[in-house]
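# Inside the fold
Spelled out, the chains give:
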Amino acid sequence: MGFNINIENSKHPDKVEHVIKFFNGFSKIMFRLTKMVLKLTPYGVFGLIANVSAKYGLDTLLPLGSFIVTVYIACLVHLLFTYGGLVFLIGKINPFIFFKRVYPAMVVAFTSRSSYGTLPVTLEVIIQRLKVPEKIAHFVAPLGATINMDGCGGLYPAIVAVFVSSIYGIDLSITQYILIIAISTIATIGTAGVPGTASVMTTVVLSSVGLPVEGLALVIGVDAIVDMARTTVNVTGDIVVSLLVAKSEKELDEETFYNAKDLDLIKDI
């Protein structure tokens, strides 16, 4: 629909003006709703944590340190081996040079915790630092910020599911593990690129395998800490895909890529 609206807007802008205004207004309303929910989230989290702590004891909160470390290790492994491997094996690009070029976007993603918020820097990194054509960057990066959520929709819900099952003493079967993998993979497409939405997808995974959804309250308190790592994974994935698409379309000028000077984009952020 968006594609057709753009075509019609270029030919008859007066006829689709009201449609564009409607969708822009609806988008603003949904973002406002999301912000309101996020503002109320801490109060709800406090109530959930108090309820769980009173029922199961404060000892249930001690493993959070290991949970945070596990999430960061998983994200780091995904960054270095999955994305680094794709860049090296398929893109035929030195991974060390790649990560050196894209670090400004990774830093902004880590601090902002928003794929949408990082998008301007992501595009600048893809176009100026990786020398990917604008037409590819402007198509892949916004699409990736919408449907490519490996950190928030894939890694995080799966780790939380295993963590909750351990806390509650529930043994997961092989079928449940397979189901967690399948649902988490699908969730990477449906997670929005704003802070806090990973928790929504996690509830879907927990309920699908029969785990107590209230167990999520145990980790929501540290959500901001792990969300930084999750968002970094998401944004880096968008950049990797842009590079690989340019490579597959034979539109990546590797000579320019290797000879280009590293722009200090981080100062402009």
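Below is a summary of the structure that appears in this document. Keep in mind the model is a prediction, meaning the values are calculated, not measured.

## Quick look at the overall build of the protein chain
The secondary structure content of the protein chain amounts to twelve helices and zero strands. Expressed as a percentage of the 269 residues in the protein chain, the buried residues total 42%. For the protein chain, the exposed surface amounts to about 14,400 Å²; the carbon and sulfur share of it is 68%.

## Some details on the side chain of His78
Relative to the helices and strands, His78 resides in helix 3 (residues 64–89). Once residues lying within four places of it in the same chain are set aside, the contact partners of His78 are Tyr83, Asp150, Leu155 and Val233.

## Concerning the packing of aromatic side chains
Following the criterion strictly, the structure yields three aromatic pairs and no others. Centroid distance Phe67 to Phe163: 5.0 Å. Interplanar angle 50 degrees. Geometry classified as tilted. A residue pair is termed long-range when its members are at least 10 positions apart, and Phe67 in helix 3 and Phe163 in helix 7 (residues 150–167) qualify at 96 residues. Side by side, Phe67 and Phe163 carry an identical accessibility label, which is buried. On the numbers, 5.3 Å between centres and 75 degrees between planes, the contact of Phe98 with Phe99 is edge-to-face. Among the residues examined, Phe99 registers a relative accessible area of 18% and is labelled buried.

## Structural notes on helix 3
Helix length check: helix 3, at 26 residues, gives a terminal C-alpha distance of 36 Å against a target of 38 Å (1.5 Å per residue), a fit within 8%. Maximal helix bending in helix 3 amounts to about 25 degrees, located at His78. Every buried residue belonging to helix 3 is among Leu64, Phe67, Ile68, Val71, Cys75, His78, Leu79, Tyr83, Gly84 and Val87, and all of these are buried.

## With respect to the packing of helix 5 (residues 115–129) against helix 6 (residues 134–147)
Packing of helix 5 against helix 6 brings their axes to within 10 Å, and their N-to-C directions diverge by 155 degrees. Taken as axis vectors, helix 5 and helix 6 run roughly antiparallel relative to one another. Regarding helix 5 and helix 6, the two cross each other, and that crossing is right-handed. Here Ser115, Tyr116, Leu119, Thr122, Leu123, Ile126 and Ile127 of helix 5 lie close against helix 6, whose contacting residues are Glu134, Ala137, His138, Ala141, Pro142, Ala145 and Thr146. Classifying every residue of the contact of helix 5 with helix 6 by side-chain character gives nine nonpolar, four polar and one charged.

Here is what the cut-offs are and how they apply
Residues numbered from 1 in each chain as written. Predicted model: local features only at pLDDT ≥ 70, side-chain atom pairs only at ≥ 80, totals over all residues. Heavy atoms only, no water. Helix = DSSP H or I, 4+ residues; strand = E, 2+ residues; numbered from the N terminus. Buried < 20%, exposed > 50% of the residue type's maximum accessible area, 1.4 Å probe, protein only. Areas by Shrake-Rupley, 256 points an atom, 1.4 Å probe, with all protein chains shown as cover. Contact = heavy atoms within 4.5 Å. Phe/Tyr/Trp six-rings, centres within 6.5 Å; stacked < 30°, edge-to-face > 60°. Expected span 1.5 Å × (residues − 1). Bend = angle between axes of the 7 residues up to and from the residue. Axes fitted to C-alpha atoms, helices over the stretch in contact; angles between N-to-C directions. Parallel < 35°, antiparallel > 145°, perpendicular 65-115°, else oblique. Left-handed = near helix turned anticlockwise from the far one by under 90°. Nonpolar A, V, L, I, M, F, W, Y, C, P; charged D, E, K, R; others polar.

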